[in-house]
Amino acid sequence: MKASKDTVVSFHYELHEAGGELIENSREQDQPMLVLLGHGQLIPGMEAALEGRESGEAFEVELAPEEAYGEHRDDLIQRVPKKYFPQPKHLKTGQVTSLALRSGGRQQVTVRKIGMSTVDVDINHPLAGKTLQFAIEVVEVRGATPEELAHGHAHRQPPPAATEDGEAPASA
Ligand code: ZN
């Protein structure tokens with residue numbers, strides 16, 4: 001099966017900043033990354049790069065910022081009272097930390113300047129403005145279940161259950 005909208009793709013990836021250091025390696029996790037294609041779960045360049053791929057395919061792709069986490073925007077610097085940080089005394093310039101949002105959830109921010117009672121934080125995604133190199137290995141492509149389509153994300157499948165006569169069903 002080829003990866004396309006409404007298929008579920010599991011894959012391993014290594015992410016490097018272009019010409020630079022390793023940023024992430026999915027093999028450090030127990031399981032590969034699992035996504036439902038065509039539902040905004042991935043950055044645009046990754047959606048496009050996975051399109052048409054099949055299980056076992058390995059490839060590399062380089063993504064400019066506009067296909068990845070966007071350009072770095074200088075207007076995304078905000079001055080936040082120190083009390084909103086979990087450990088304000090330990091803040092360091094350049095540190096990536098997370099802030100609770102009024103709307104719920106958390107946002108990753110980079111500390112730019114520490115004042116007496118406020119902190120200037122950069123709310124750009126830490127990878128904004130960067131060209132990224134991904135090395136990808138597709139593990140599996142399968143059709144999405146109705147439940148996954150309704151939820152707009154992929155679900156990890158339980159391991160195949162034994163059939164009544166005690167044999168595991170043949171895998172596809
Ligand atoms: Zn769900």
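Placed above this text is the structure.
This section reports on the structure supplied with the text. Quick caveat: nothing in here was measured; it's all calculated off a predicted structure. (Residues numbered from 1 in each chain as written. Predicted model: local features only at pLDDT ≥ 70, side-chain atom pairs only at ≥ 80, totals over all residues. Heavy atoms only, no water.)

The alternating pattern of strand β4 (residues 58-63) places Phe59, Val61 and Leu63 on a buried face, while none of Ala58, Glu60 and Glu62, on the opposite face, is buried. With six bridges joining them, β4 and strand β9 (residues 132-143) adopt antiparallel strand pairing. Looking at the pairing, leucine 63 lines up with leucine 132 of β9. (Buried < 20%, exposed > 50% of the residue type's maximum accessible area, 1.4 Å probe, protein only. Helix = DSSP H or I, 4+ residues; strand = E, 2+ residues; numbered from the N terminus. Pairing = 2+ DSSP bridges.)

Looking at the zinc ion, one finds its protein donor set to be His151 (ND1), His153 (NE2) and His155 (NE2), positioned 1.9 to 2.1 Å from the metal centre. When the donors of the zinc ion are listed by position in the chain, the intervening gaps give H-x1-H-x1-H. What makes histidine 151 partly exposed here is its relative accessible area of 45%. (Donors = N, O, S within 2.8 Å, 3.2 Å for Na, K, Ca; no water.)

This brings us to the packing of aromatic side chains. When we look at a pair of aromatic rings, we describe it by the centre distance and by the angle of the planes. With the rule as written, the count across this model stands at two aromatic pairs. Measuring from centroid to centroid gives 6.0 Å for phenylalanine 11 and tyrosine 13, while their planes differ by 50°, and the two rings are tilted. Comparing phenylalanine 11 with tyrosine 13, the two get one shared label, buried. An aromatic cluster is defined as three or more aromatic residues linked by ring pairs; in this entry it consists of Phe11, Tyr13 and Phe134. When the ring centre of phenylalanine 59 is taken as reference, the NZ or CZ atom of arginine 53 above it lies at 3.6 Å. (Phe/Tyr/Trp six-rings, centres within 6.5 Å; stacked < 30°, edge-to-face > 60°. Lys NZ or Arg CZ within 6 Å of the ring centre and 35° of its normal.)

So, about the sheet that holds strand β8 (residues 118-122). Taken together, four strands build an open sheet; the order of strands is β5-β8-β7-β6 and the sheet is antiparallel. In this open sheet, the two edge strands, each paired with only one partner strand, are β5 (77-81) and β6 (96-100). The average angle at which neighbouring strand axes cross in this sheet is 50°, direction not considered. The sheet contact formed by strand β7 (residues 106-114) and β8 spans four bridges and is antiparallel. (Axes fitted to C-alpha atoms, helices over the stretch in contact; angles between N-to-C directions.)

Turning to the nonpolar core, a few remarks are in order. Among the nonpolar cores identified, the biggest contains 22 residues, and Val9, Phe11, Met46, Leu50, Phe134 and Ile136 are the most heavily contacted of them. Among the secondary structure elements, those contributing two or more residues to this core are β1 (7-17), α1 (44-50), β4 and β9. Of the residues forming this core, the biggest block, five residues, is contributed by β9. If you look at the next biggest cluster of nonpolar residues, it comprises eight residues, including Leu91, Leu99, Val119 and Val121. (Core = buried A, V, L, I, M, F, W, Y, C linked by side-chain atoms within 4.5 Å.)

So, on to unusual backbone geometry. Its identity is not glycine, yet aspartate 6 carries a phi of approximately 70°, on the positive side. Aspartate 6 sits in the partly exposed class, given a relative accessible area of 29%.

What follows covers the side chain of glutamate 148. With respect to the helices and strands, the residue glutamate 148 is situated in helix α2 (residues 146-151). Among the polar contacts listed, one links the side chain of glutamate 148 to the backbone nitrogen of threonine 145, at a separation of 2.9 Å. Residues within four places of glutamate 148 in sequence aside, it is in contact with Val8, Leu36, Arg142, Gly143, His153, Ala154, His155 and Gln157. (Polar contact = N/O pair within 3.5 Å; in protein donor to acceptor, adjacent residues only side chain to side chain. Contact = heavy atoms within 4.5 Å.)

Right, let's get into the environment of alanine 48. Here alanine 48 shows up in helix α1. Separated by 59 residues in the primary sequence, alanine 48 and glutamine 107 place their C-alpha atoms 26 Å from one another.

None of the figures reported here should be taken as evidence of function without further support.
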